[in-house]
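# Coordinate analysis (summary)
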Amino acid sequence: MNRAQLKVFAVFSVFFFIGFGPISPGCLIGLYSVVARPRWLLALVRDIYTRDGQRPTPLPPVQPHEATPTRKRCFLGIFGLFLLDIAPVPVTPCVVFFLLLTRPAWFYRRVEAIYADRAA
C-alpha cells in the first residue's frame with residue numbers, strides 16, 4: 001500500500017466505526033465530489049493508482065463528452081449507497097476498502113471520466 005492508500009484507509013476506518021447512524025460521511029463526500037469535482041480528489045485517486053512512479057493511462061482514452069453521463073451515473077450509484085447505508089451495517093467503507101485494496105482499472109477510468117471536461 002502506498003501513502004495515499006493508507007491515508008484513505010485510515011479515514012474510512014474511522015467512518016466505519018462512526019457510520020452506524022443514518023448519515024454516511026463517506027457517501028456525502030462522494031456526492032459532493034461528483035457534483036463539485038474538487039481537484040484534491042483527482043490528485044488523491046491518481047496518487048492511489050501510482051505504481052513505481054507511473055500513473056496508469058485509462059484505456060480507451062477518456063473523452064470530454066464522457067464527463068456528464070459518467071457524473072450522473074456515479075451520483076446515482078453513490079446515492080444508492082447512501083440509501084443502503086441506512087442499514088445497521090456501514091456498506092460504503094467496505095466498498096472503499098475493496099477499491100483501495102484491489103485498485104480496479106474501471107474505477108480509475110471512471111474518476112478520470114468525471115474530470116474529462118476539466119483541465120487536469
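Preceding this section is the structure that the text describes.
Scope of this entry: the structure provided in the associated data block. Note that this is a predicted model, so its numbers are computed, not measured. (Residues numbered from 1 in each chain as written. Predicted model: local features only at pLDDT ≥ 70, side-chain atom pairs only at ≥ 80, totals over all residues. Heavy atoms only, no water.)

Our focus in this paragraph is the packing of helix α1 (residues 3-18) against helix α5 (residues 91-102). Where α1 meets α5, the axes come as close as 9 Å, and the angle between the chain directions of the two elements is 165°. As the angle between them shows, α1 and α5 are arranged roughly antiparallel. In this structure, α1 crosses over α5, and the sense of that crossing is left-handed. Of the residues in α5, those in contact with Gln 5, Val 8, Phe 9, Phe 12, Ser 13, Phe 15 and Phe 16 of α1 are Thr 92, Pro 93, Cys 94, Val 96, Phe 97 and Leu 100. For the contact of α1 with α5, a count of residues per class yields ten nonpolar, three polar and no charged. (Axes fitted to C-alpha atoms, helices over the stretch in contact; angles between N-to-C directions. Helix = DSSP H or I, 4+ residues; strand = E, 2+ residues; numbered from the N terminus. Parallel < 35°, antiparallel > 145°, perpendicular 65-115°, else oblique. Left-handed = near helix turned anticlockwise from the far one by under 90°. Contact = heavy atoms within 4.5 Å. Nonpolar A, V, L, I, M, F, W, Y, C, P; charged D, E, K, R; others polar.)

Attention now goes to the pattern of salt bridges. Side-chain pairs of opposite charge can arise whenever the charged atoms involved come near each other. Per the stated rule, a full pass over the model turns up three salt bridges. For the salt bridge of Glu 112 with Arg 46, the shortest nitrogen-to-oxygen distance reads 2.8 Å. Here Arg 46 lies in helix α3 (residues 39-49) and Glu 112 lies in helix α6 (residues 105-114), a separation of 66 residues in the sequence. Residue Arg 46 is classed as buried on the basis of its relative accessible area of 14%. (Salt bridge = Lys/Arg side-chain N within 4 Å of Asp/Glu carboxyl O. Buried < 20%, exposed > 50% of the residue type's maximum accessible area, 1.4 Å probe, protein only.)

Keep in mind that these numbers describe shape and distance, not what the molecule does.
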